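So the chains spell out like this:
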Amino acid sequence: LAMGFVPVHIIDVRGFHELKRSGVDMLSVFMMPPSKTELERRLVARDGGGESTQARLKAGVLEMLHAHEYDTVIVNSDFGTCVVDIMDLVRKAHTL
């Protein structure tokens, strides 16, 4: 932090809950897929479909139920836009 770097951790909901319980001062951002259909399309493109894809889809849908617990939700429609949105959030948080 002293050098101007901000640590970013990509964690699942369980990890988020652990950090929150520990009292860590953080800005939490939930990356929400635009829709369940789009989430499934992305998982199939990554995994090729099958049982593992369905298990990951089910887990993703369950995680989306926790989005309201986060400080901010960003809909991940476009990766580049999400990066800009997150950078803006970090800049704002560091100027407070």
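These numbers come from a predicted model, not from an experiment.

Caption draft 1: Representation of the overall build of the chain in the model. Within the chain, the secondary structure is distributed over four helices and two strands. In the chain, the succession of α and β elements from N to C terminus is α-β-α-α-β-α. Within the chain, the fraction of its 96 residues that count as buried is 22%. In the chain, the share of contacts with a sequence separation of at least 24, taken over all contacts with a separation of at least 6, comes to 63%.

Caption draft 2: Molecular detail of the nonpolar core. In terms of nonpolar packing, the biggest core is built from 10 residues, these being Val13, Phe16, Phe30, Met32, Leu39, Leu43, Leu57, Met64, Ala67 and Tyr70. Every element with two or more residues in this core is listed here: helix 1 (13-22), strand 1 (29-32), helix 2 (36-47) and helix 3 (51-64). Setting aside its immediate chain neighbours within four residues, Phe30 contacts Val13, Glu63, Met64, Ala67, Tyr70, Thr72, Val73 and Ile74.

Caption draft 3: Helix 3, seen in detail. Spanning 14 residues, helix 3 covers 20 Å between terminal C-alpha atoms, matching the ideal 20 Å at 1.5 Å per step. Summarising the contacts, the buried residues of helix 3 are in contact with strand 1 and helix 2.

Caption draft 4: Summary view of the pattern of salt bridges. Inspection of the entire model under this criterion finds four salt bridges. We note a salt bridge from Glu38 to Arg41, for which the minimum N-O separation is 2.6 Å. Of the two residues, Glu38 and Arg41 both sit in helix 2, three residues apart, roughly one turn of that helix. Asp88 serves as the salt-bridge partner of Arg91, at 3.3 Å between the closest nitrogen and oxygen. Here Arg91 and its partner Asp88 are both found in helix 4 (residues 79-95), three residues apart, which amounts to about one turn of the helix.

Caption draft 5: Geometry of the packing of helix 2 against helix 3. Two elements in contact, helix 2 and helix 3, have axes whose closest approach is 10 Å; the angle formed by their N-to-C orientations is 145°. With respect to the hand of their crossing, helix 2 and helix 3 are arranged in right-handed fashion. Between helix 2 and helix 3, the contacting residues are Lys36, Leu39, Glu40, Leu43, Val44, Arg46 and Asp47 on the first element and Ser52, Thr53, Gln54, Arg56, Leu57, Gly60, Val61 and Met64 on the second.

Caption draft 6: Highlighting the packing of aromatic side chains. Inspection of the entire model under this criterion finds two aromatic pairs. For the ring pair Phe16 and Tyr70, a centre distance of 3.9 Å and an interplane angle of 15° mean the geometry is stacked. Of the two residues, Phe16 sits in helix 1 while Tyr70 sits in the loop between helix 3 and strand 2 (72-75), which places them 54 residues apart along the sequence. A residue is classified by how much of its surface remains accessible, and Phe16, at 2% relative accessible area, is buried. Relative to Tyr70, the ring of Phe30 has its centre 5.1 Å away and its plane inclined at 70°; by these criteria the two rings are edge-to-face. In this pair, Phe30 is assigned in strand 1 and Tyr70 in the loop between helix 3 and strand 2, connecting sequence segments 40 residues apart.

Caption draft 7: Local environment of the environment of Ala67. Its location among the elements puts Ala67 in the loop between helix 3 and strand 2. Along the chain, Ala67 and Thr53 lie 14 residues apart, while their C-alpha atoms are 21 Å from each other. Setting aside its immediate chain neighbours within four residues, Ala67 contacts Phe30, Met32 and Val73.

Quick notes on the rules
Residues numbered from 1 in each chain as written. Predicted model: local features only at pLDDT ≥ 70, side-chain atom pairs only at ≥ 80, totals over all residues. Heavy atoms only, no water. Helix = DSSP H or I, 4+ residues; strand = E, 2+ residues; numbered from the N terminus. Buried < 20%, exposed > 50% of the residue type's maximum accessible area, 1.4 Å probe, protein only. Contact = heavy atoms within 4.5 Å. Core = buried A, V, L, I, M, F, W, Y, C linked by side-chain atoms within 4.5 Å. Expected span 1.5 Å × (residues − 1). Salt bridge = Lys/Arg side-chain N within 4 Å of Asp/Glu carboxyl O. Axes fitted to C-alpha atoms, helices over the stretch in contact; angles between N-to-C directions. Left-handed = near helix turned anticlockwise from the far one by under 90°. Phe/Tyr/Trp six-rings, centres within 6.5 Å; stacked < 30°, edge-to-face > 60°.

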